[in-house]
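# Structural features, examined
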Amino acid sequence: MSGGNFDTVNENIRLQQVYTTMINFGAASAVDRSPFGDFSRRMQRWVYQVPEPIPQLSGAARTRVMLEGLGPTYVKLGQIVSSQSNTLPDDWRVELDKLQNDVPPVPYAAARQVIIDELGAPPEELYATFDQHPIAAASLGQVHRATLHDGREVAVKVQRPNLERQVRADLGVARLMGRYTERRSKTAREMGLASMLDEFGSTLVEELDYYAEAYNMQQLATNLESIAGVHIPTFERNLSGQRVLTQEFVSGVKISDVEAMRKAGLDIAAVGEAALRAAMKMLVIDGFFHADPHPGNLFVNLDTGVVTFLDAGMVGELTLSQRAHLGMLLWTFVKGDIPAMAGQILALSVPFRPVDEKAFLKDFERKMSRYGQGTKPDIKLVLSTSMGVLRDHGLRLDPQLTLALKAMGQASAFFTPLTPPDRTFTAAALDAVRELAAEAVTEEAIIDAAKRQSTRIAGQAIKEAPDYAKGLLSWRDQIKRGKFTLFLDTSSLDRQVSSLSSIASMIVVAVLVSGGMIGSAIAATVFDSTDNSAMANVANVGFVLSLGVAFVLVIIFLGRLLRENKAEHKDPFKR
């Protein structure tokens, strides 16, 4: 069976599973809300011998349980939705937040087999100790604590078994549903639902490759080396693979655990400033950023106060132009310049239907004026409102920019509880960008950039060197023979000059004819006013003759244009 057919079979099986799961949950929800709900729960207590009363689950709780039942792909979708918590009702936010960490782990035997398949030996041989009970479980994998043979503590991230096959089948189903919906829904077509699902799919598949995550960790560690108070874990290359990642064990508490940090005597404002500087350096200075800095991925060491960024599986990249606009967006918001902010948002957007820019700017200014200076609004609320205005006017952000603004909103979420009330996120972020930009533009950095540019130019020159050498040798041989021939193809230029000369001649004649027409008209008017009818008649005849000549010139000119156009279409290379 071919790979394509195999994928189709998997997608059909998975589609049936998804359909069945949704139908079951929908039916159970309908029964639970009906008069038979109490009877159904009593039967469940009797069948399953549950000692406590079974609570009636809310719609949000049912959705969260259903997503967990559907598997990792749908859990990941729920996590993305939960990251936009400012647009969700409180009960939905609380339930979907549980998807960030409260994911059931797989049995140890299944995780052990993944390690054997990936690293070629069981964990009891590869590690001095290996805890069979995971210390954390997420939608794509789980983490076990272990000790290396040299005594160092490590965290071993193990991917869920058979995950890639299931995820690819889920993504295939999602793409089919996206295309189906776009064919039947104008709104889905306008918002580019299929392309959004494709982008989500490519990002998710990237997260399945732990080699990519190891590279991301290395790159982020290099970029953040100059930022005091932040850390990226190191990893063990010989104990890592595509589905297993062994990295240094990080102890501490989530950055949201403010009480624990206070009890440890840490300067929580300094912790927040360090994490913020790291986030803004990634977003605005480097353009290579951790795309999921929620509190579960930021741990604070209670002894040192160092913030560690965990889980570098999802990263984003911004161009220099996008970073510049992002920095200006912060500046315009802090200054309260709403029209300028609208301009920056517009520059970062792409249309998915015809856009009336004047209407967009007017609507943006009207809706954003409520967040003027002195109101100190939550940046997540501001960004959410901005995205709403963009969507209403047929605009959307590039996927990487969407990730960047999501990461900025998450940075606001971890920063705000750690700092004094008068220290707003946007002002602190702008201060950090200014300082980091000044540090980045140094003599050494300029020299490094010049070296990289010269290396690129040298590489291009080496690539084209054979052609240059061939030409130089040809010139050398000609000089030795006592002559030097330079061939210049001017055929196209000759035709253009000839054409221009002809047109110029016609213009001169046309000017003279126009002068004759104007002069004749003036003369006829003057002679009429002086009762000199003979001369007036002569002037009128001159006017008519000039008009006739002008008409003939127009016909000749149009005929020439048609002939030249035909000639170009017959031989388009003779230009």
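The structure we're discussing is the one just above.
Residues numbered from 1 in each chain as written. Predicted model: local features only at pLDDT ≥ 70, side-chain atom pairs only at ≥ 80, totals over all residues. Heavy atoms only, no water.

Structurally, Val244 can be placed in strand β6 (residues 244–248). On the basis of relative accessibility, which here comes to 0%, the residue Val244 falls in the buried class. It is 9.8 Å that separates the C-alpha atoms of Val244 and Asp117, two residues lying 127 residues apart in sequence. (Helix = DSSP H or I, 4+ residues; strand = E, 2+ residues; numbered from the N terminus. Buried < 20%, exposed > 50% of the residue type's maximum accessible area, 1.4 Å probe, protein only.)

Okay, helix α14 (residues 320–335) next. Between its first and last C-alpha, α14 extends 23 Å over 16 residues, near the 22 Å set by a 1.5 Å rise per residue. Residues of α14 that are buried include every one of Gln322, Arg323, Leu326, Gly327, Leu329, Leu330, Thr332 and Phe333, and no others. Those residues of α14 hidden inside the fold are in contact with α13 (268–286), β11 (315–317), α15 (338–347), α17 (379–392), α18 (399–415) and α19 (425–440). One or two steps after α14, the chain reaches Gly336, where phi turns positive at roughly 75 degrees. (Expected span 1.5 Å × (residues − 1). Contact = heavy atoms within 4.5 Å.)

What follows covers the packing of α13 against α14. One way to put it is that α13 packs onto α14 with a least axis distance of 8 Å and a crossing angle of 125 degrees. One element, α13, and the other, α14, form an angle in the oblique class. Facing Met280, Leu283, Val284, Ile285 and Asp286 of α13, the residues of α14 in contact are Arg323, Leu326, Gly327 and Leu330. Across the contact of α13 with α14, the residue classes break down as 6 nonpolar, 1 polar and 2 charged. (Axes fitted to C-alpha atoms, helices over the stretch in contact; angles between N-to-C directions. Parallel < 35°, antiparallel > 145°, perpendicular 65-115°, else oblique. Nonpolar A, V, L, I, M, F, W, Y, C, P; charged D, E, K, R; others polar.)

For residues besides glycine, phi is generally negative; the peptide bonds are generally trans as well. In this structure, Asn162 is a non-glycine residue whose phi angle is positive, near 55 degrees. With a phi angle near 55 degrees, Asp311 is a residue other than glycine that sits in the positive phi range. On the secondary structure map, Asp311 appears in the loop between β10 (307–309) and β11.

To continue, consider the packing of aromatic side chains. Following the criterion strictly, the structure yields 5 aromatic pairs and no others. Centre to centre, the rings of Phe360 and Phe364 are 5.7 Å apart; their planes meet at 45 degrees, and the pair counts as tilted. Placement of both Phe360 and Phe364 in helix α16 (residues 357–368) is noted, with a separation of 4 residues, approximately one turn of the helix. As far as the burial class goes, Phe360 and Phe364 line up, both buried. (Phe/Tyr/Trp six-rings, centres within 6.5 Å; stacked < 30°, edge-to-face > 60°.)

So, on to the nonpolar core. Across soluble globular proteins, nonpolar side chains have a tendency to be buried as a group. One finds Ile255, Met280, Leu283, Phe289 and Phe364 to be the most contacted residues of the largest nonpolar core, which totals 76 residues. Not counting the four nearest positions on each side in its chain, Phe364 is found in contact with Ile338, Met341, Ala342, Ile345, Ser386 and Val389. Counting residues in hydrophobic clusters, the runner-up holds 16 residues, among them Val106, Ala121, Val154 and Val156. (Core = buried A, V, L, I, M, F, W, Y, C linked by side-chain atoms within 4.5 Å.)

Here we take up α19. Across its 16 residues, α19 extends 22 Å between first and last C-alpha, which sits within 8% of the 22 Å expected from 1.5 Å per residue. Here α19 has its buried residues at Phe425, Thr426, Ala428, Ala429, Leu430, Ala432, Val433 and Leu436. Check the buried side of α19 and you find it contacts α13, α14, α17 and α18.

Of all 7 residues in strand β4 (residues 153–159), 6 are buried; the element is thus mostly enclosed. Sheet topology note: the strand β3 (residues 141–147)/β4 ladder contains 7 bridges and is antiparallel. Residue pairing in the sheet places Gln142 in a bridge with Val158 of β4. The loop that links β3 with its antiparallel partner β4 comprises 5 residues; one of these, Gly151, has a positive phi angle of about 95 degrees. (Pairing = 2+ DSSP bridges.)

Moving on, we get to the sheet that holds strand β7 (residues 253–254). Within the open sheet, the 4 strands sit side by side as β5-β10-β9-β7. Their pairing is mixed. Edge positions in the open sheet fall to β5 (230–231) and β7, since each of these has one partner strand only. The pairing of β7 with strand β9 (residues 298–300) spans 2 bridges and is classified as antiparallel. Note that in β9 the partner of Val253 across the bridge is Val300.

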